[in-house]
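# Structure assessment
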Amino acid sequence: MAERFTKGMARNIYYGGGVFVFLLLVGLTFDTMLKMPERDHRVNLTESVARGKGVWEHNNCIGCHSLMGEGAYYAPELANVFDRRGAGSEQSFRAFMSAWMAAQPLQVEGRRKMPQFHLTQEQVDDLSEFLIWTSRIDDNDWPPNIEG
Amino acid sequence: MKFESQKVAQPYFIFALVLFVGQILFGLIMGLQYVDGDFLTSWLPFNVARMVHTNLLLVWLLFGFMGASYYLVPEEADTELYSPWLAKVTFWVFAVAGVATILGYLLVPYARLAELTYNHLLPTMGREFLEQPTITKIGIVLVCLSYVFNIGMTILKGRKTVINMVLITGLIGLAVFFLFSFYNPSNLVLDKYFWWWVVHLWVEGVWELILGAILAFVVIKVTGVDREVVEKWLYMIIALALISGLIGMGHHYFWIGPGTYWLWLGSIFSALEPVPFFMMVMFAFKMVAERRYEHQNKVAIKWALGTAVMGFLGAGVWGFIHTLAPVNYYTHGSQITAAHGHLAFFGAYAMIVMTIISYAMPILRGRPHGNPPSAQRLETFAFWAMCTSMVGITLALTVAGAWQVALQRLPEASEALGFMATQDKIAPVFWVREVLGLIFFVGLMAYLGSFFVGSKELASDSELQLKDAAAA
C-alpha cells in the first residue's frame, strides 16, 4: 500500500466503518421488526403451534431436515411439507402426519432412516400445526417448486 | 517462548486436535450414511452424528482460539499472563463440560437429554449448531467470561498492540453475540432472525478479527516484517470484513421471513465479502516475499499462506458463487451450501488454528527453530493431503449441489424429481466425497504423526552443536 496511506487512516476506517455499519444493521433490524408481524402472520401463532415448535426442537429434527432451507440436507425440506403432502386440506395433512410418524422407520433397505420418535397423538398434532403455520410465512416465494 | 505462562496454551492445542479427530470420524460415518441409510443408524441416527460433527468442530476451534490467545497475548503484551491458574481451571471446566455434552448426545435420545437438563425452563435446544443443553450454554458463557477476563487483564497490564486490541475485540464480540443463543421465541421467524446473530456474526464477523489477529502474529514472527506494515494490513482487512459482513448477513434473510430489501442489501454487501479474504492472500504472500530472515519453521509459513488461500477459496469464492439472491433462490439449502460450509470452515478457521499450532507447538516443546526436517516433511505431506482432499470434497459437493438443483429445483413442479429420488441419483458423487474424506483422514493422521517423529534427529543435532561448540 502507498506510504501516503497511513496506519492511522486504516485504523479510522476500521473503527468508523465498523461502528457505522453496525448501527446501520441495528437500524435495519428495527425496521424489519416493525414490518414483521404481517410477514410472519403471528396472529395465527396458536398455543399448539408454539408447542409444535417445542416438539420440533426436542427431537432435533433440524439434524436431518431443513426448514426454510436451513438445517441439515439429509432429508427433505419441511417448511412446505404441508403444500406437498397436505392435498390442500389441514385435515388430510394431520392424517398424513399421524400415519407417517407411526410408520417410521420405513423398512426399505438402504433408504435413509427416520428414527421412531414415539410421539403422542397430541405431539404429532402440534407438530402438524407448527408445520402448517410455517408453510404460510411470507418467505419471498421460496422454494422454487413444491419439491423443496 | 518469552514467558513461562505461555505454556498454558499447550493443553488447549492438544485437546483441540483430539476433538478434531473425533469430528472427522463422525464426518466419515455421516458420509457413509449419505449413501447407505442403514449404516449404524440404529445406534447412531444421522441427526446425532451431525450434531456431534458440528459441535466438535465448534468446540475444537474455540479450544484453538483459546490456546492461540494464551500463547500470543503475553508475548504481544510483553508480560506474563494475568492468571495462568485461571487458564488451567478454565481448560478443565471446558474440557469436562464439552466431553459430557458429547456423551449426552451419544448416550441418551435427544428428547430425553432435553428433559434431563430441564430445557423447558429456558428452551434453547434443538436449533442447528446450538443443540447444546441450556446448562452447557451457560457453561460456555462462564468459560468465555473467564477467558476474556484473563486475556483482557493481561492486555490491560501490558503493551496494547494492534494485534492484541483486535484479538480482544473479536473475543468480546464472540462472547456477546453468543448471548443471542438464549433467545428462542416461539415465533420461528424471530428465532431464525436472531439465530444468525450468533452464527453469522461469529463466522462472518468477529471470528474474522480473531483470524486476522492470529495470522498477523504468525506472519510477524516468521517473516520479521516491520510491525507497522502488518498492522496497517490487519486494520484494512478487518475493516472490510466488518463493512461487507455485517450487512452481508442479509444473504441469510432472503427466504426466512424478513422483507424484500434484504434481497438487495444481502446480495450487494455479501458480494463484497471475498474482498477482505483476497486482501489476506495479498498480505500473506507480500509479507513472506519481503521477509527479513529465513525462519527455520518452513511448514508454519506454509500453513499461514495456506490459510489465506484456502480461506479465500472457501469463504470468498465458494461464498460468492451462491450469495446473489437470484442464484441463491435455487441453491439455498442444497449441497452447494454444504460445499461452501466445508471449505470455509476448514480453510479459514481449522487452518488458522493449525497455523498457530504449527508455529507455537515446537516452541512450547523447546524447539525454538521449529521441528526437525523429517517432522516438517511429514507435516508438509499432511498439509497437502488435507488441503487437496478438502478441495476435492468441496468440488464433489458442488457437483452434487448443481446436479440436485438441476433435477429438483429448476424444472416445473410436475417434472421435478423429489428430494429422496434426487439424492439417489447423485449418490455416486457422495461416494467420491467419502473416498476423499478417507484421504483427509490419512492426512490428519500424518499431521498427528508429525508430532512424534524426529526427536532423534533433534538429539543428534544438539550433540552436533555441542561438538561444534567444543571444537570452537
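Residues numbered from 1 in each chain as written. Chains lettered and ligands numbered in written order. Predicted model: local features only at pLDDT ≥ 70, side-chain atom pairs only at ≥ 80, totals over all residues. Heavy atoms only, no water.

This next bit is on the overall build of chain A. For chain A, the count of helices and strands is five helices and two strands. Ordered by position from N to C terminus, the α and β elements of chain A give α-α-β-β-α-α-α. Taken over C-alpha atoms, the radius of gyration comes to 22 Å for chain A, far larger than the 15 Å a tight globule of 148 residues would show. With the C-alpha coordinates aligned to their principal axes, the bounding extent of chain A is approximately 70 × 40 × 30 Å. With 148 residues in all, chain A has 49% of them scored as buried. If you take every contact in chain A between residues at least 6 apart in sequence, the share linking residues at least 24 apart comes to 55%. About 7100 Å² of surface is accessible on chain A, with carbon and sulfur atoms providing 59% of the total. A distance of 8 Å separates the average location of the 15 positive side-chain charges in chain A from that of its 19 negative side-chain charges. (Helix = DSSP H or I, 4+ residues; strand = E, 2+ residues; numbered from the N terminus. Rg over C-alpha atoms; globule rule 2.2 N^0.38 Å. Buried < 20%, exposed > 50% of the residue type's maximum accessible area, 1.4 Å probe, protein only. Contact = heavy atoms within 4.5 Å. Areas by Shrake-Rupley, 256 points an atom, 1.4 Å probe, with all protein chains shown as cover. Lys, Arg positive; Asp, Glu negative; His and termini not counted. Charge placed at Lys NZ, Arg CZ, Asp CG, Glu CD.)

Attention now moves to helix α9 (residues 261–271) of chain B. Listing the buried residues of α9(B) in full gives B:Trp262, B:Leu263, B:Gly266, B:Ser267 and B:Ser270. Down the axis of α9(B), the buried set is contained in an arc of 125°. They therefore lie on one face. Against the buried residues of α9(B) lie α1 (7–40) of chain A together with α7 (188–223), α8 (227–248), α10 (274–289) and α12 (325–331) of chain B. (Arc of directions from axis to C-beta.)

Here we take up the interface of chain A and chain B. Of the residues lining the interface, 67 residues belong to chain A; the matching set on chain B comes to 83 residues. The junction of chain A with chain B conceals about 6700 Å² of combined surface from both sides, 63% of it contributed by carbon and sulfur atoms. It is A:Lys7, A:Tyr14 and A:Tyr73 in chain A that bury the most area against chain B; as a group they hold 12% of the surface buried on that side. A salt bridge links B:Lys192 to A:Glu70; its shortest N-O distance comes to 2.9 Å. Between chain A and chain B we count 39 residue pairs in polar contact (both at pLDDT 80 or more) in total. Those elements that place two or more of their residues in the side of chain A that touches chain B are α1, α2 (47–58), β2 (70–71) and α5 (121–135) of chain A. Considering each element in turn, the side of chain A that touches chain B owes the most residues, 21 residues, to α1(A). Among the residues forming the side of chain A that touches chain B, the class breakdown is 33 nonpolar, 16 polar and 18 charged. (Buried area = accessible area lost by both parts, 1.4 Å probe. Salt bridge = Lys/Arg side-chain N within 4 Å of Asp/Glu carboxyl O. Polar contact = N/O pair within 3.5 Å; in protein donor to acceptor, adjacent residues only side chain to side chain. Nonpolar A, V, L, I, M, F, W, Y, C, P; charged D, E, K, R; others polar.)

Generally, phi is negative for residues other than glycine and the peptide bonds are trans, each holding for most cases. Residue and element names in this part refer to chain A. Cis geometry marks the peptide bond from Gln104 to Pro105, where omega comes out at -10°. Here the bond from Trp142 into Pro143 is cis, since omega is -5°, no more than 30 degrees from zero. Among the structural elements, Pro143 can be located in the segment after α5. Of note in this structure, His118 is not a glycine but carries a positive phi near 50°. Mapped onto the elements, His118 comes out in the loop between α4 (90–103) and α5. Here the phi dihedral of Asn140 falls at roughly 55°; this positive angle occurs in a residue that is not glycine. In this structure, Asn140 sits in the segment after α5.

Turning our eyes to something else, we now look at the side chain of B:Gln335. Relative to the helices and strands, B:Gln335 resides in helix α13 (residues 335–364). Judged by its relative accessible area of 1%, B:Gln335 is buried. A distance of 3.1 Å separates polar atoms of two side chains, one belonging to B:Gln335 and the other to B:Tyr34. Those residues in contact with B:Gln335, other than ones at most four positions away along the chain, are A:Tyr73, B:Tyr34, B:Leu397, B:Ala400, B:Gly401, B:Gln404, B:Gln423 and B:Phe430.

Exposure remark for A:Asn140: the relative accessible area of 14% places this residue in the buried category. Considering only alpha carbons, one finds A:Asn140 and A:Val21, 119 residues apart in sequence, at a separation of 25 Å.

To continue, consider the nonpolar core. In this structure, B:Phe65 and B:Trp207 are the most contacted members of the largest nonpolar core, which totals 202 residues. For this core, the element with the highest residue contribution is α7(B), accounting for 27 residues. (Core = buried A, V, L, I, M, F, W, Y, C linked by side-chain atoms within 4.5 Å.)

Attention now goes to the domain arrangement of chain A. All names here are of chain A. For chain A, the assigned domains are domain 1 (1–39) and domain 2 (41–148). Distance from the C-alpha centre of domain 1 to the C-alpha centre of domain 2: 38 Å. Every contact between the two is made by four residues of domain 1 and, on the other side, five residues of domain 2. Interface of domain 1 and domain 2: buried area, both sides summed, is about 440 Å²; carbon and sulfur atoms make up 30% of it. The interface formed by domain 1 and domain 2 holds one salt bridge in total. The residue Arg39 makes a salt bridge to Asp138 at a minimum N-O spacing of 3.4 Å. The tally of links between domain 1 and domain 2 comes to three residue pairs in polar contact (both at pLDDT 80 or more). Residue classes in the side of domain 1 that touches domain 2 are distributed as two nonpolar, no polar and two charged. (Domains from an automatic or database assignment.)

Right, let's get into the packing of aromatic side chains. Within the structure shown, the criterion is met by 57 aromatic pairs over all chains. Ring centres of B:Trp207 and B:Tyr349 lie 5.1 Å apart, and the angle between their planes is 85°; this geometry places the pair in the edge-to-face category. Of this pair, B:Trp207 sits in helix α7 while B:Tyr349 sits in helix α13, and the two are 142 residues apart along the sequence. Classification of B:Trp207 as buried rests on a relative accessible area of 0%. The buried category is assigned to B:Tyr349, whose relative accessible area is 4%. Sitting over the face of the ring of A:Tyr73, B:Arg50 holds its NZ or CZ atom 5.9 Å from the ring centroid. Stacked on the ring of B:Tyr34, the Lys or Arg B:Arg433 has its end atom at 4.9 Å from the ring centre. (Phe/Tyr/Trp six-rings, centres within 6.5 Å; stacked < 30°, edge-to-face > 60°. Lys NZ or Arg CZ within 6 Å of the ring centre and 35° of its normal.)

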